[in-house]
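# Chain and residue survey
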Amino acid sequence: MKKIQISPSILSADFSQLKNEIKRLEEAGADMIHIDVMDGHFVPNLTIGSPVIKILRKYTKLPFDVHLMISPVHKYIGAYADAGADIITIHPEATDNLINSIKHIREFKKKVGVSLNPDTKINVITNLLDQIDLVLIMSVFPGFGGQKFMPEVISKIEELKKIKNQKNLNYEIEVDGGINFTNYKSVIEAGADILVSGTTIFKENNGDIKKNIDSLKLI
Ligand code: DX5
Ligand code: ZN
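A few points on the structure. The structure presented is a predicted model; accordingly, all values stated were derived computationally and were not measured. (Residues numbered from 1 in each chain as written. Chains lettered and ligands numbered in written order. Predicted model: local features only at pLDDT ≥ 70, side-chain atom pairs only at ≥ 80, totals over all residues. Heavy atoms only, no water.)

## Quick word on the coordination of the zinc ion (ligand 2)
Distances from the zinc ion (ligand 2) to its protein donors, His34 (NE2), Asp36 (OD), His67 (ND1) and Asp176 (OD), fall within 2.1 to 2.3 Å. In this structure, the zinc ion (ligand 2) is surrounded by six donor atoms whose angles at the metal cover 71 to 174 degrees, and the resulting shape is octahedral. In primary sequence terms, the donor set of the zinc ion (ligand 2) follows H-x1-D-x30-H-x108-D. Here Asp36, found in strand β2 (residues 33-38), pairs with His67, found in strand β3 (residues 64-69); they are 31 residues apart in sequence, far enough to count as distant. In this structure Asp36 comes out as buried when scored by relative accessible area, which is 7%. (Donors = N, O, S within 2.8 Å, 3.2 Å for Na, K, Ca; no water. Tetrahedral: all angles 85-135°; square planar, octahedral: opposite > 155°, others 65-115°. Helix = DSSP H or I, 4+ residues; strand = E, 2+ residues; numbered from the N terminus. Buried < 20%, exposed > 50% of the residue type's maximum accessible area, 1.4 Å probe, protein only.)

Structure follows, in structure tokens:
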């Protein structure tokens, strides 16, 4: 039986209570914390940066799954590594040399994630898949929580799963954006290992995050 991991996005959390929100997520059985870093340039929204991550680091042992929606991203990788990120995920469009940025994340001994927007083709990373720990498939265009899941990315998940099996590679497939109780099973069946969710986890069932996390693991 495949073990699905849940990475709740704190973009949907109460930003005035982030310390308590991440503690609640840990108690509710989250496998990691998805931290959406946005710079108002790569995406039309602004959230938190490395100083906030540094503060939050001491309040949980859970891995920080840091999604950098910032550009240029290369020169900031060190700051997020030092702040306590465990997985550093970047977008190919945010660096002028993806291989160098991947190597730079490795220098800090962090897990390397690369994120594909709905309109970014897999062939952008085909030759790098053996150097990547995690492929983050965006099922919405990045920038906001609460958007509608784009079912056309299902075939991308299936394709990445097929490549992983054919080439015997180890990257994990994480899917991010609009995941809910109606579509999560199809995402898992297509090959996802990790589900990111903000709105569903924090808002469904009157905000019962343990119930919502448990429900997303049921297949
Ligand atoms: C969007 C972020 C996602 C988003 C997920 O740019 O990368 O992580 O917060 O939130 P929901 O689950 O509400 O779509
Ligand atoms: Zn994200």
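## Some remarks on unusual backbone geometry
Here the amide bond leading from Ser71 into Pro72 is cis, since omega sits at -5 degrees, within 30 degrees of zero. Backbone geometry at Asn168 places phi at a positive 55 degrees, although glycine is not the residue there. The phi torsion at Asn206 lies on the positive side, around 50 degrees, for a residue other than glycine. Residue position: Asn206 is located in the loop between α7 (199-203) and α8 (209-217). Under the relative-accessibility criterion, Asn206 is labelled exposed at 85%.

## Here's the deal with the pattern of salt bridges
Following the criterion strictly, the structure yields eight salt bridges and no others. For Arg57, the salt bridge identified is with Asp86, shortest N-O distance 2.8 Å. Of the two residues, Arg57 sits in helix α2 (residues 50-57) while Asp86 sits in the loop between α3 (77-83) and β4 (87-90), which places them 29 residues apart along the sequence. Salt bridges sharing common partners tie together Lys3, Asp31 and Lys217. (Salt bridge = Lys/Arg side-chain N within 4 Å of Asp/Glu carboxyl O.)

## A closer look at the sheet that holds strand β1 (residues 5-8)
On the basis of which strands lie adjacent, the open sheet formed by eight strands has the order β1-β8-β7-β6-β5-β4-β3-β2 and parallel pairing. Among the strands making up the open sheet, the edge pair consists of β1 and β2. Averaged over all adjacent pairs, the angle separating strand axes in this sheet is 25 degrees, with direction ignored. The pairing of β1 with strand β8 (residues 194-197) spans four bridges and is classified as parallel. Bridging from a neighbouring strand, Pro8 pairs with Ser197 of β8. Taken strand by strand, helix α4 (residues 98-107) contacts β4 and β5 (111-116), and its axis lies near 145 degrees from that of β5. This element, helix α5 (residues 154-166), spans β5, β6 (134-138) and β7 (172-176) of the sheet and lies at about 170 degrees to β7. (Pairing = 2+ DSSP bridges. Axes fitted to C-alpha atoms, helices over the stretch in contact; angles between N-to-C directions. Contact = heavy atoms within 4.5 Å.)

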